[in-house]
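In case you want the letters, here they are:
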Amino acid sequence: MDQADPVVASPPSVGDMPSEEFRVQAEAAVDWVADYLRSVGELPVLARVRPGEIRSALPPEAPEDGEPFDAILEDFRSTILPGITHWNHPAFFAWFANTGSGPGIIAEFLAAALNSNAMVWKSSPAGTELEIHVAEWVRRLLGLPEGFEGTINDTASHSTLYALGAAREVAFPGVRETGLSGLPQGRIYTSEEAHSSVEKAVMALGLGRGGVRRIPTDPDFRMRPDLLEAAILEDVGGGVRPVAVVATVGTTSTTSVDPVAQVAELCRRHGVWLHVDAAYAGVTAMLPELRHHFDGWEQADSIVFNPHKWLFTPMDCSLLYCRRPEALAEAFSLTPEYLRTREQGSARNLMDSGVALGRRFRALKLWFVLRYFGAEGVRERVREHIRLARRVAERVEAAPGWEMSAPVPFATAVFRFAPRGVVPEEQDRMNLQIMEEVNGSGEVFLSHTKVLERVVLRLSVGNLRTREEHVDRAWILLSGAAKGLARRMAAD
Ligand code: PLP
């Protein structure tokens, strides 16, 4: 390697990147990240590429010989960046907006350097103990009682899969040994508004899609406990075995809140596992004024909450709390000889809580985030996001032709342009057109869903860089697009 100019050096013939070169390149990367985070709001939030465009710009074969690092960074800028939809953009309002915050990004960098793998305690004592400890911190912040044991998975989809795997083991003891063949049909109950990850988990657990019963909701999109009970009783009468109920606090389309206390009481009476999906809204349990949404969740058997959604932690970080960790272990614990250690029994081995053996050091970023912002700092930022979403809702409510499609309990406004005299199908097309036009501006990005079969738009605030000016601009673009569309239609 040319020591005088490590930036343009080719890789050495053996070993890793030399530390001097690492220092120079990492500093360049840090400079890039700092500039990126400062000016990301000036980039088009939505990637402006067509499907296949990024791949066609890449060589078909991996390089035979190593390349200089600055060439790699240059291609990152010129080829990869145009294909990025910027989740860290202040006007990213689609799906559930989130933040990969500064402290979280730095922790990811350090975690990558450590490259630790907390399969068993011995393979990463700090990784194991920090995960358990940070989960405890968050449990306390969320106001959950002792007894909920937390672990960190990549996504809520996996957390829910593991929770329902434990529920399946409880409903069919020994099923891990025998499989489901010859057993009665097992059933999971969840609302019509629940996330698709519930259905995917049921598929993966071998219960078949018929193993899910979607319970209708009330006018505020909340699971109806009376219909849930009727479904359970009907199933039991028909020889079907109830396995679990999944209640949601903050559903994906409308952020509705199931009546968890009533559902929990029902689960208790019928001896059914209760899993609460608070993947999105969980952080708001830290806010005394929103605690009522979580009434009864302390009676759940398991709970999922994603810090990577609204607790400023970079992807991926999903907390699974389980009040019956022995059931989780019964479902998933399996220790081959090569993973036996002397500490077995005296320390927790995190591999026992799910399917994955390898475990990234995800706790580090959550620890950094919690320490840097502090609990009160988190609460204040979450409150600000809620205020901004409600500001949009106020604009919508005051605008002729527009209507809110659901209440705004958290920081996601759901609304639609529904001018009088236009049939609903045409209104659907108009809303999609408005969204396309607004997203095409590159200034903001929002997404849609269907509520009661009608197309609605969703504006979710969750990025730490979002200010009033960003939500106000979104509203100006939306209302302007609607006016323009209505004018064009009237002229036709
Ligand atoms: N649950 C809810 C309520 C969600 O909104 C989502 C995703 O948006 C999920 C679960 C799945 O989350 P993940 O992407 O972490 O699997």
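Residues numbered from 1 in each chain as written. Predicted model: local features only at pLDDT ≥ 70, side-chain atom pairs only at ≥ 80, totals over all residues. Heavy atoms only, no water.

K.L.:
Just checking my understanding: could you explain the site of the ligand for this structure?
P.N.:
Around the ligand there are 13 residues in total, and Ala156, Ser157, Thr252, Asp277 and Asn306 lie nearest to it. Thr252 places a polar side-chain atom, nitrogen or oxygen, 2.8 Å from an oxygen atom of the ligand. Between the ligand and Asn306, the relevant distance is 2.8 Å, taken from an oxygen atom to a side-chain nitrogen or oxygen of the residue. Of all elements in the fold, only helix H6 (156-171) and helix H11 (307-310) reach the threshold of two or more residues within the shell around the ligand. In terms of residue class, the shell around the ligand is built from three nonpolar, eight polar and two charged. (Near = heavy atom within 4 Å. Polar contact = N/O pair within 3.5 Å; in protein donor to acceptor, adjacent residues only side chain to side chain. Helix = DSSP H or I, 4+ residues; strand = E, 2+ residues; numbered from the N terminus. Nonpolar A, V, L, I, M, F, W, Y, C, P; charged D, E, K, R; others polar.)

K.L.:
Explain the pattern of salt bridges here, please?
P.N.:
Side-chain pairs of opposite charge can arise where the charged atoms are in close proximity. Under the criterion given, the structure shown has 39 salt bridges. Residue Glu177 pairs with Arg176 through a salt bridge whose shortest N-O separation is 3.3 Å. For Glu199, the salt bridge goes to Arg214, with nearest N and O atoms at 2.6 Å. Here Glu199 is found in helix H8 (residues 196-204), whereas its partner Arg214 is found in strand E3 (residues 212-215), with 15 residues between them in sequence. In this structure Glu199 comes out as buried when scored by relative accessible area, which is 14%. Owing to a relative accessible area of 28%, Arg214 belongs among the partly exposed residues under this scheme. Each of the salt bridges in this network shares a partner with another, and the network as a whole consists of Glu384, Arg387, Arg391, Arg395, Glu468 and Asp472. (Salt bridge = Lys/Arg side-chain N within 4 Å of Asp/Glu carboxyl O. Buried < 20%, exposed > 50% of the residue type's maximum accessible area, 1.4 Å probe, protein only.)

K.L.:
Explain the sheet that holds strand E10 (residues 447-451) to me, please; I cannot follow it from the model alone.
P.N.:
Each strand in a sheet pairs with another by means of backbone hydrogen bonds, the pair being arranged parallel or else antiparallel. Here four strands make up an open sheet; going across it, the order is E8-E9-E11-E10 and the pairing antiparallel. This sheet does not close on itself; its edge strands, each paired only once, are strand E8 (402-404) and E10. Averaged over all pairs of adjacent strands, the angle between their axes in this sheet comes to 40°, without regard to strand direction. Here four bridges tie strand E9 (residues 412-417) to strand E11 (residues 454-460), and the two strands are oriented antiparallel to one another. When the sheet's bridge partners are listed, Val414 is paired in E11 with Arg458. (Pairing = 2+ DSSP bridges. Axes fitted to C-alpha atoms, helices over the stretch in contact; angles between N-to-C directions.)

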